[in-house]
4 protein chains.
Amino acid sequence: MIQAAKRPPGRARSDASRTAILNSTLKLLESQSLQQISIEAIAREAGVGKGTIYRWWPSKAAVVIEAFLVNHISRVSATKGMGPREAVIHILRLLIKEYAGREGRIVAQIIAEGQSDPDVLREFRERFWYGRRAMALELVNEARRLGEFRDDIPADCQLDLLFSPIYFRLLSGQAPLDQEFADAHCNAVMHLMAPPVRQTPTTPKSR
Amino acid sequence: MIQAAKRPPGRARSDASRTAILNSTLKLLESQSLQQISIEAIAREAGVGKGTIYRWWPSKAAVVIEAFLVNHISRVSATKGMGPREAVIHILRLLIKEYAGREGRIVAQIIAEGQSDPDVLREFRERFWYGRRAMALELVNEARRLGEFRDDIPADCQLDLLFSPIYFRLLSGQAPLDQEFADAHCNAVMHLMAPPVRQTPTTPKSR
Amino acid sequence: MIQAAKRPPGRARSDASRTAILNSTLKLLESQSLQQISIEAIAREAGVGKGTIYRWWPSKAAVVIEAFLVNHISRVSATKGMGPREAVIHILRLLIKEYAGREGRIVAQIIAEGQSDPDVLREFRERFWYGRRAMALELVNEARRLGEFRDDIPADCQLDLLFSPIYFRLLSGQAPLDQEFADAHCNAVMHLMAPPVRQTPTTPKSR
Amino acid sequence: MIQAAKRPPGRARSDASRTAILNSTLKLLESQSLQQISIEAIAREAGVGKGTIYRWWPSKAAVVIEAFLVNHISRVSATKGMGPREAVIHILRLLIKEYAGREGRIVAQIIAEGQSDPDVLREFRERFWYGRRAMALELVNEARRLGEFRDDIPADCQLDLLFSPIYFRLLSGQAPLDQEFADAHCNAVMHLMAPPVRQTPTTPKSR
DNA sequence: AGTTAATCGAGACGGTACGTCTAGTCTTATT
DNA sequence: AATAAGACTAGACGTACCGTCTCGATTAACT
């Protein structure tokens, strides 16, 4: 007979506390950077003992990652019915819009925190980027199969070129992640990703 | 006779202290992140009063920026004699190599710190990025004039596509800034930036 | 018919737990002060839930008092066959020897704890001192009746003088409770307690 | 030439803080025990950073000792003009009265704290008891020289017998340090310390 | 045999204080 | 004036316990 997972002894974890901590963290992030926030402040805001935070998360960044992911579920939304080219464009535009606001600030804070704590960066990669990247990669591969994207460069590089400029804007503060940027960037990558014109057999391509 | 600018009264600024502060900062950065470093630690290491640091720099990030720039002068090196296309490749490879080491860690720390202090980001842009970007932009424009780079997308976007993936690797920890990446990235952007083959009017484009 | 005390329903108190708690407490007291010991540590050491301690004792000092008394029963031993004077000496020497070791440390800890918790002091008086004092008082009174002790000062004061110096050494750390002290103290009080030399009936006692 | 003690560099210690800390400590001690008081509470009450307390005192007990001693100077008062016997009585009565109030509570707290921190006890002995004991010992010796106190027992023991009962009452809570006790105790020790009547039938004792 | 009720272990909970560290400011004597 | 030194208030760090609570599991007596 199949043994059901037994609950460990002792009082069960309080879901109310967990939720309060995550919510308070997001609330505090609206007005300050992750670095400025203290665990004490989170505990105070959530009406929770500090120990409860330390018991379940290794760092405040881990709390933020979880808070971010919880509020992020199923935002990626549907791209069905679109061709892969359109789907990629759709995703890029969505990401730019998303990163222009609160979510972008949070992602930036997490990456920043990750520069002095490798665990943070690793966890964020595993819990956020891996899935997204895999999904995007699939679209790119599909587009290559259909001849919508050129396939004379590795798909990996294509992915980097599609998404990196968005992260650079997010983090460098060079220029805003606005509509204008979305248009320019999408237009540019669509031109670039398009397969080069088929050469007539008579004109050999130079280089 | 022309009056030389009069030195203000009082003891002059100690250059020994300034140098000691900048050097100690770089030394500390070798073993810890900018966030972990405290101004007290810098003062201690430099044998300097805390007040001396606060008097001349607004934040530890500002110290790091200055320390970084001082040790960075004229590293960019020569590209003369190269065509703009080669020059761009050269610069990309150089940057990747540079960012793979200590310099990259420092740049990453500064960007991270900038996520919670806009002044830091602004100062880094103005004192580091603007000049480099202008130089790179010139090369790109030259390449476009010579037909080595396509000109159907804005030069700005081209710049972003050339450099952003490097920064993404630097900051995301997805993958290392190694030789393999340098090859792949340079190869990819060269393919992408090359002008599309001229269509002969008689051959209609497929798809 | 007389109704026997009815046991209330529900699971009976675990004597194994009670014993484990008392023993663990004594064990911990061997290496640290009562103040340093935490209830958590006692529970951990005894393999017992914290609640079980709180259910049966109001404070850790109460646990210590009980642990001390349990291990103390019938140590006072026999003085039968001795005259009251010898019995008093015997008791003093015994007490000094006892307080020189583990027992002394524990008594000192309890008194110390009692300085910030009157209940502790009260309980210790009632459960430990009252009985001992009554017994000692009886001996003193017997000694007075037999003319072995002077009776020109109250018996109470005599008791204080007999025992206080021992407690002062125990608590003040001025000097150790060693054999030398035992000899000196016993000798001194025997001299002092002895009735003053009988005056010849013709000379009326002055003062 | 005699070299004056050079002040070390840096900002001088703030006497205002020192005073505030000592006063706040005494104030807090009026309503709670030393054990209940936290260093945080002292700092809060004194409007002082915690570090300032830790910088100058090793423990809260050390603060209390200093606060106690500062407020204690020259309380011992004059016994000049009295014979040693009267002086001893005077001191005993004074001590009982003193220990019946706030001072007594503080001394008790310090002794209690000392049971788990030998340094505390040692410091209290050195800074408080040694001087007092030396002074009292001198009086006793003088009394012995003058024949007011018996000299058939060691002076040390006499001292113990004079003072220990006061400390026992202070710490045991057996009975209060009231006027009645003062009378009884002083009367008793005066009887006991008086030299025993000379038993040569021919020489009547002259006081 | 089933019900009821108090016990037990475990351990999570909101709090408080610990002793350390740093922030950024201020004071002091020196240069 | 600027400097090195270092004290100052303020407050966060991560840990340890406090005393309370909530669990599921035992353990007796009482139906």
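Data block above holds the structure.
Residues numbered from 1 in each chain as written. Chains lettered and ligands numbered in written order. Predicted model: local features only at pLDDT ≥ 70, side-chain atom pairs only at ≥ 80, totals over all residues. Heavy atoms only, no water.

Draft legend 1. Region of interest: the protein's contact with DNA strand E. Neighbouring DNA strand E are 44 residues; A:Arg55, B:Lys50, C:Arg55, D:Lys50 and D:Tyr54 lie closest to it. Within 4 Å of the protein, the atoms of DNA strand E are drawn from sugar and phosphate moieties in a proportion of 72%. B:Lys50 has a polar side-chain atom sitting 2.7 Å from a base oxygen of DNA strand E. Between DNA strand E and C:Gly49, the relevant distance is 3.1 Å, taken from a phosphate oxygen to a main-chain nitrogen or oxygen of the residue. Elements with a contribution of two residues or more to the surface near DNA strand E: helix H3 (50-56) of chain A, helix H2 (39-46) and helix H3 (50-56) of chain B, helix H3 (50-56) of chain C together with helix H2 (39-46) and helix H3 (50-56) of chain D. Taken together, the residues of the surface near DNA strand E break down into 11 nonpolar, 15 polar and 18 charged. (Near = heavy atom within 4 Å. Polar contact = N/O pair within 3.5 Å; in protein donor to acceptor, adjacent residues only side chain to side chain. Helix = DSSP H or I, 4+ residues; strand = E, 2+ residues; numbered from the N terminus. Nonpolar A, V, L, I, M, F, W, Y, C, P; charged D, E, K, R; others polar.)

Draft legend 2. How the structure looks around the interface of chain C and chain D. Contacts between chain C and chain D engage 42 residues on the former and 44 residues on the latter. With both sides pooled, the region where chain C packs onto chain D buries about 3900 Å², and carbon together with sulfur makes up 60% of that total. Looking at the side of chain C facing chain D, the largest losses of area belong to C:Gln115, C:Phe168 and C:Leu192, adding up to 17% of the total buried there. At the boundary of chain C with chain D, the tally comes to zero salt bridges. (Contact = heavy atoms within 4.5 Å. Buried area = accessible area lost by both parts, 1.4 Å probe. Salt bridge = Lys/Arg side-chain N within 4 Å of Asp/Glu carboxyl O.)

Draft legend 3. Structural detail: the relation of the copies chain C and chain D. When chain C is fitted to chain D, the best match, at an RMSD of 0.1 Å, comes from turning it 180° and sliding it 0.0 Å along the axis. In the structure described here, the two chain copies are related by an operation that fits a two-fold rotation axis. Residue C:Ala112 of chain C places its C-alpha closer to the rotation axis than any other residue of that unit, at 2.0 Å. Counting the interface residues of chain C, we find that 100% of their copies in chain D are interface residues as well, pointing to one common contact surface. (Least-squares fit on C-alpha atoms with pLDDT ≥ 70 in both.)

Draft legend 4. Just the side chain of B:Glu113, in detail. Within the secondary structure layout, B:Glu113 lies in helix H6 (residues 102-114). Put simply, B:Glu113 is tucked away with no salt bridge, and the nearest opposite charge, on B:Lys60, sits 4.8 Å away. (Buried < 20%, exposed > 50% of the residue type's maximum accessible area, 1.4 Å probe, protein only. Lys, Arg positive; Asp, Glu negative; His and termini not counted.)

Draft legend 5. Summary view of the relation of the copies chain B and chain A. Of the two same-sequence chains, chain B is brought onto chain A (RMSD 0.2 Å, axial shift 0.0 Å) by a rotation of 180°. A share of 93% of the interface residues of chain B reappears at the interface of chain A, consistent with the copies meeting face to face through the same patch.

Draft legend 6. The arrangement of the interface of chain B and chain A in detail. Taken together, the contact pairs 46 residues of chain B with 45 residues of chain A. In this structure, the connection of chain B to chain A is made through zero salt bridges. On the surface where chain B and chain A come into contact, there are 12 residue pairs in polar contact (both at pLDDT 80 or more). At the level of elements, H6, helix H7 (118-145), helix H8 (155-172) and helix H9 (179-193) of chain B are the ones that each hand at least two residues to the side of chain B that touches chain A.

Draft legend 7. Region of interest: the protein's contact with DNA strand F. Every one of the 44 residues lining DNA strand F counts as a neighbour, but A:Tyr54, B:Thr52, C:Lys50, C:Tyr54 and D:Arg55 are closest to it. Of what DNA strand F places within 4 Å of the protein, 70% of the atoms are sugar or phosphate. Here a phosphate oxygen of DNA strand F sits 2.7 Å away from a polar atom, N or O, in the side chain of C:Tyr54. Contact between DNA strand F and D:Trp56: a phosphate oxygen at 2.9 Å from a side-chain N or O atom of the residue. Elements represented by at least two residues in the surface near DNA strand F include exactly helix H2 (39-46) and H3 of chain A, H3 of chain B, helix H2 (39-46) and H3 of chain C together with H3 of chain D. Looking at the surface near DNA strand F element by element, the count peaks at four residues for H3(D). Class assignment for the residues of the surface near DNA strand F results in 12 nonpolar, 14 polar and 18 charged.

Draft legend 8. A look at the environment of C:Asp152. By the secondary structure assignment, C:Asp152 is in the loop between helix H7 (118-145) and helix H8 (155-172). Overall, C:Asp152 belongs to the partly exposed group, its relative accessible area being 26%. As a C-alpha pair, C:Asp152 and C:Leu121 span 31 residues in sequence and 32 Å in three-dimensional space. Here C:Asp152 is in contact with C:Pro196 and D:His191, once residues within four sequence places are set aside. In this structure the side chain of C:Asp152 is engaged in a polar contact, spanning 2.8 Å, whose partner is the side chain of C:Arg150.

Geometry only, nothing functional implied.
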